[in-house]
Amino acid sequence: MPGSVTPLTTYHNPVLSDAKGQDHGDPFVMEYLGTYYLYHTGREGVRLYTSSDLVSWHYQGIALGPEPGHWAEIDFWAPEVMYHEGVFYMYVAATRRKESRGGEAARGDDKLRRLGVARALRPEGPFVWNPEPLVDWEWSIDGHPYRDEDGSLWFFYNVRTEATRYHDGTIGCGNVVGRMISPVEVERTQHPVAYPSHRWEGNRRGNWYWNEGPCVLKRRGTYFQMYSGGCYADDTYGLGFTTASTPQGPWHKQSRVPILKSSKAILGPGHHSIVTGPDGVTPYVVYHGYLPGTRGRKVHLDRIFWAGDRPVVEGPTRTQQPRPAGPVYDPQVPHHHRSAWVFGRQVRIGGVTLPLSGSGYQHLRVIRRDLPSNGSMAVSWLKVYLNGVVKFDGAVTKASPSAELEVDGEIHHPLQTSWLDDEQIYPLSAGEKRTWVWGGSGDLEVSLAVRGHALIRVGEEEFEVNHERYELVRLWIEGG
């Protein structure tokens, strides 16, 4: 991805905080029509903030609150929002108020804690609760809806049962998954995903264990569920991950130590969401953490990369970081990414025509990169997503009809960025080469994972690396 020709401005964590000690736990961020929406846990309701750059956030009010006599009266935990066919669905845990004694503040009844769903026609709400909980048969929190590339919907969530105890019998909670029949209905059949199995997933005393806060990614056909372990209230909290070849599993733990853990400057980082930056391609982790000596969880933002077989979070950072950049497009670079929100009956891009449902704006993503010439015919590889579902994946000729985006309706917030993401792993024998052709004249950011002994050559510069496991290598190349 080429960098800006001007120096990048910076930011530092936290990106959302206040001087009064307000809690901003369990942040979830989504993008819609070019605006980012951040929802977080709240005792009396779900608060909403908006941003254009993931750094500067502005309070917009309560997106979802309690309703008199409803089962969801207090403790609105870990909200997540899914946009589906013109409707915004919020998944959040809540419970009934428990009678207070002797002037104590009202508390939530933990035995009645359940996951529910509310819906709205706009991301800012107001969201309206469904009458009954979504998961009404057991204690449940931390709902994470996941739309697979084939369009199937899955619901990852947290439960507390005999099966989720630590191996020595200590009480704990764990993540499971069930198929979503619709955005407002989940099958009761559930499959285990992440149960407590490592000592770091418990509190200091070792009398409570957590695997919670599921967040799912997919890469090279493998599903990665990142989860939070340890105690949310102190510095034992951190992120781990588990993998599977299907959403139902079986899932296999990959982290004996957390991949994101406390530092001296930020304590208890965890319960995160992942969102793409303003350039349309760079992924970021949004998570909460404590600052020593202050009250309330603060919202933090850091980059996430891939190192062969594992995600790598660059954090928690407290030093100055490059502010998330906007799109940079160089027509001399043969690889690019395009995205837009589209509305109408059909969309056409790169010679590929797709029907649109007409149910509100739909998100279009197009990845295009050059392939080696096939005889005299130059070809490109094109992958087209609509609302996260793959609609086209294959080769097209460069002579295909216009690569411009055409919609018989409306186009909102179009982005185009020079970008190449090669997910493959290449086993190279001694003397064997693998070459990526970039071109262009702008600055270039490169990240790759290397295991073994390799010589990396970029332009006129070269250097050697030698690692026993996949390690992340990052380069910044000036002038293309």
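The structure under discussion appears in the preceding block.
If you're wondering where the values come from, they're calculated on a predicted model, not measured in any experiment.

Each value, and the rule that gives it
- Residues numbered from 1 in each chain as written.
- Predicted model: local features only at pLDDT ≥ 70, side-chain atom pairs only at ≥ 80, totals over all residues.
- Heavy atoms only, no water.
- Salt bridge = Lys/Arg side-chain N within 4 Å of Asp/Glu carboxyl O.
- Helix = DSSP H or I, 4+ residues; strand = E, 2+ residues; numbered from the N terminus.
- Buried < 20%, exposed > 50% of the residue type's maximum accessible area, 1.4 Å probe, protein only.
- Contact = heavy atoms within 4.5 Å.
- Pairing = 2+ DSSP bridges.
- Axes fitted to C-alpha atoms, helices over the stretch in contact; angles between N-to-C directions.
- Phe/Tyr/Trp six-rings, centres within 6.5 Å; stacked < 30°, edge-to-face > 60°.
- Lys NZ or Arg CZ within 6 Å of the ring centre and 35° of its normal.

> So what about the pattern of salt bridges? Which residues, and what values?
In the structure shown here, the tally under the stated rule is 24 salt bridges. Across the salt bridge formed by Asp75 and Arg43, the nearest N and O atoms sit 3.6 Å from each other. Of this pair, Asp75 sits in strand 6 (residues 74–84) while Arg43 is found in the loop between strand 3 (35–40) and strand 4 (46–51), placing the two residues 32 residues apart along the sequence. The salt bridge partner of Asp110 is Arg113, with a shortest N-O separation of 2.9 Å.

> Requested: an account of the side chain of Thr243, with residues and values cited.
Assignment of secondary structure puts Thr243 in strand 19 (residues 238–244). Take Thr243: its relative accessible area is 12%, and that puts it in the buried class. Those residues in contact with Thr243 that sit more than four places away from it in its chain are Thr222, Tyr223, Phe224, Pro250, Trp251, His252 and Gln254.

> I'd love a proper account of the sheet that holds strand 23 (residues 298–306), names of residues and values included.
Read across the sheet, four strands follow the order 21-22-23-24 without closing on themselves; strand pairing throughout is antiparallel. Sheet topology places strand 21 (267–276) and strand 24 (311–313) at the edges, where each strand pairs with a single neighbour. For this sheet, the mean angle separating the axes of adjacent strands, direction not counted, is 35°. Sheet analysis places strand 23 next to strand 24, joined by three bridges and oriented antiparallel. Across the sheet, residue Trp306 finds its bridge partner in strand 24, namely Pro311.

> Provide a residue-level description of the packing of aromatic side chains, including the pertinent values.
Across all of its chains, the model carries 21 aromatic pairs by this definition. Judged by centre distance (4.9 Å) and plane angle (75°), the rings of Tyr32 and Trp341 are edge-to-face. Linking Tyr32 in strand 2 (residues 28–32) with Trp341 in strand 26 (residues 336–343), this pair joins segments that are 309 residues apart in sequence. Take Tyr32 and Trp341: they sit in the same class, and that class is buried. Taking the centre distance of 6.3 Å and the plane angle of 85° together, the rings of Tyr39 and Phe127 count as edge-to-face. Separated by 88 residues along the polypeptide, Tyr39 in strand 3 and Phe127 in the loop between strand 10 (114–120) and strand 11 (128–129) bring together distant segments of the chain. A relative accessible area of 0% means that Tyr39 is categorised as buried. Seen from the ring of Trp77, Arg113 lies directly overhead, with NZ or CZ sitting 3.9 Å from the centre. Stacked on the ring of Trp436, the Lys or Arg Arg434 has its end atom at 5.2 Å from the ring centre.

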